[in-house]
Amino acid sequence: MSALLGRVVQPETLDIGVARVREALAAAPSDRAPLIAGLHGSTPSLLMAAWFAAERRTALLVAPNREAALRLADDLEAWLGRDDVVYLPQQEVPAFDRNAPDPELVGAAIHGLDRLAHGGPALAVTSLYGLRQRGLAPERLAGQVLTLEAGVRIEREALGEKLSAMGYQGVGAVGRTGDFAVRGSLVDVAAPGQSPVRIEFFDDEIVSLRTFGVTDQRSTGSLDRLRVLPVSHLILDDDGVLDALACLEDAEARGLIDGDDHTD
């Protein structure tokens, strides 16, 4: 990393920039992030890549808009590699709109949050609007991850209902993130951040987990365990319904809504 940067910019100039980033982070109030301005082209990504290479600390970089965030994430991946960069895409619609959000886009954001929670240090990138959008709380997300492995017993119908509650859409054949298909003893699911997986059942017991290609449907490998992340921020399970009712009752008690505005 350092050798590559040295061929692009004078090392002493880059060192000064990294030192100023350190100073800004140290001086910033706990409730306010430092603003980096006056840089052009790929300079911001170069500077932050050098800082990350030196510090190996997780940080969130917020770009002014979606296009700038995508460019910044692409540039950082060029400097650091994909494993050190987490892109959190801006959602096109409100997070808790049940019908409108794109499962693929929501899944990408949730996969990014999961990487930050369970992976090593990384630079996360989003837009200003993306930063303001609401989503699943960390503890709520952790409780919604579905883990499957060979030997586990679960009814295929129950699995389909669980996937639907997590935002997945039942289709004839999976083609994109957020799809699942039930065909006889097989359940195919396309979860965020990984290849589609074919779950083979014998009666109600999982006997194998295999990745496969969407175009030719051929197996490409096997898995010992599958972690299925939700592709919706709105999880319509019992806990979610109870939480929603509690919020309504609290809002009614504080006079924010009229009791006649909702039904049981």
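In what follows, the accompanying structure is described. (Residues numbered from 1 in each chain as written. Predicted model: local features only at pLDDT ≥ 70, side-chain atom pairs only at ≥ 80, totals over all residues. Heavy atoms only, no water.)

**With respect to the side chain of Gln 90**
Part 1 of the argument: Mapping Gln 90 onto the fold places it in the loop between β2 (85–87) and α5 (103–118).
Part 2 of the argument: Side chain to side chain, Gln 90 and Ser 127 meet in a polar contact 2.7 Å long.
Part 3 of the argument: Apart from the residues within four sequence positions on either side, Gln 90 is in contact with Arg 66, Leu 105, Ser 127, Tyr 129, Gly 130 and Gln 133. (Helix = DSSP H or I, 4+ residues; strand = E, 2+ residues; numbered from the N terminus. Polar contact = N/O pair within 3.5 Å; in protein donor to acceptor, adjacent residues only side chain to side chain. Contact = heavy atoms within 4.5 Å.)

**Side note on the sheet that holds β2**
Part 1 of the argument: The 3 strands lie next to each other as β1-β3-β2, forming an open sheet whose pairing is parallel. Of all strands in the sheet, those bounded by a partner on one side alone are β1 (59–63) and β2. Recorded for the sheet is a direction-independent mean angle of 25° between the axes of neighbouring strands.
Part 2 of the argument: In terms of strand pairing, β1 meets strand β3 (residues 123–127) through 5 bridges, oriented parallel. Within β3, the residue paired with Leu 60 across the bridge is Ala 124. (Pairing = 2+ DSSP bridges. Axes fitted to C-alpha atoms, helices over the stretch in contact; angles between N-to-C directions.)

**Thoughts on unusual backbone geometry**
Part 1 of the argument: Here the phi dihedral of Asp 203 falls at roughly 60°; this positive angle occurs in a residue that is not glycine.
Part 2 of the argument: Within the fold, Asp 203 resides in the loop between β8 (197–202) and β9 (205–212).
Part 3 of the argument: Relative accessible area serves as the criterion here: at 49%, Asp 203 is assigned to the partly exposed category.
Part 4 of the argument: Not every positive phi belongs to a glycine, and Gln 217 is a case in point at roughly 65°.
Part 5 of the argument: Here Gln 217 lies in the loop between β9 and β10 (219–222). (Buried < 20%, exposed > 50% of the residue type's maximum accessible area, 1.4 Å probe, protein only.)

**Looking at the pattern of salt bridges**
Side chains that carry opposite charge are capable of pairing whenever their charged atoms lie near each other.
Part 1 of the argument: Under the criterion given, the structure shown has 13 salt bridges.
Part 2 of the argument: A salt bridge links Asp 102 to Arg 176, with the nearest nitrogen and oxygen atoms 3.1 Å apart. You can see Asp 102 sitting in the loop between β2 and α5 and its partner Arg 176 sitting in the loop between β5 (169–170) and β6 (179–183), a full 74 residues away along the chain.
Part 3 of the argument: Owing to a relative accessible area of 33%, Arg 176 belongs among the partly exposed residues under this scheme.
Part 4 of the argument: Here Asp 188 makes a salt bridge to Arg 198, at a shortest N to O gap of 2.8 Å. Residue Asp 188 is located in strand β7 (residues 186–189), and its partner Arg 198 is located in strand β8; the two are separated by 10 residues in the primary sequence. An identical accessibility class is assigned to Asp 188 and Arg 198; each is buried.
Part 5 of the argument: Members of the salt-bridge network, linked through shared partners, are Asp 102, Glu 104 and Arg 176. (Salt bridge = Lys/Arg side-chain N within 4 Å of Asp/Glu carboxyl O.)

**Brief notes about helix α4 (residues 66–80)**
Part 1 of the argument: For α4, with 15 residues, the first-to-last C-alpha span of 21 Å sits near the 21 Å given by 1.5 Å per residue.
Part 2 of the argument: Within α4 the residues assigned to the buried category are Ala 68, Ala 69, Leu 72, Ala 73, Leu 76, Trp 79 and Leu 80. Axial view of α4: buried residues confined to an arc of 135°, hence all on one face. For α4, exposure combined with an orientation more than 90 degrees from the buried face picks out Arg 71 and Ala 78. (Expected span 1.5 Å × (residues − 1). Arc of directions from axis to C-beta.)

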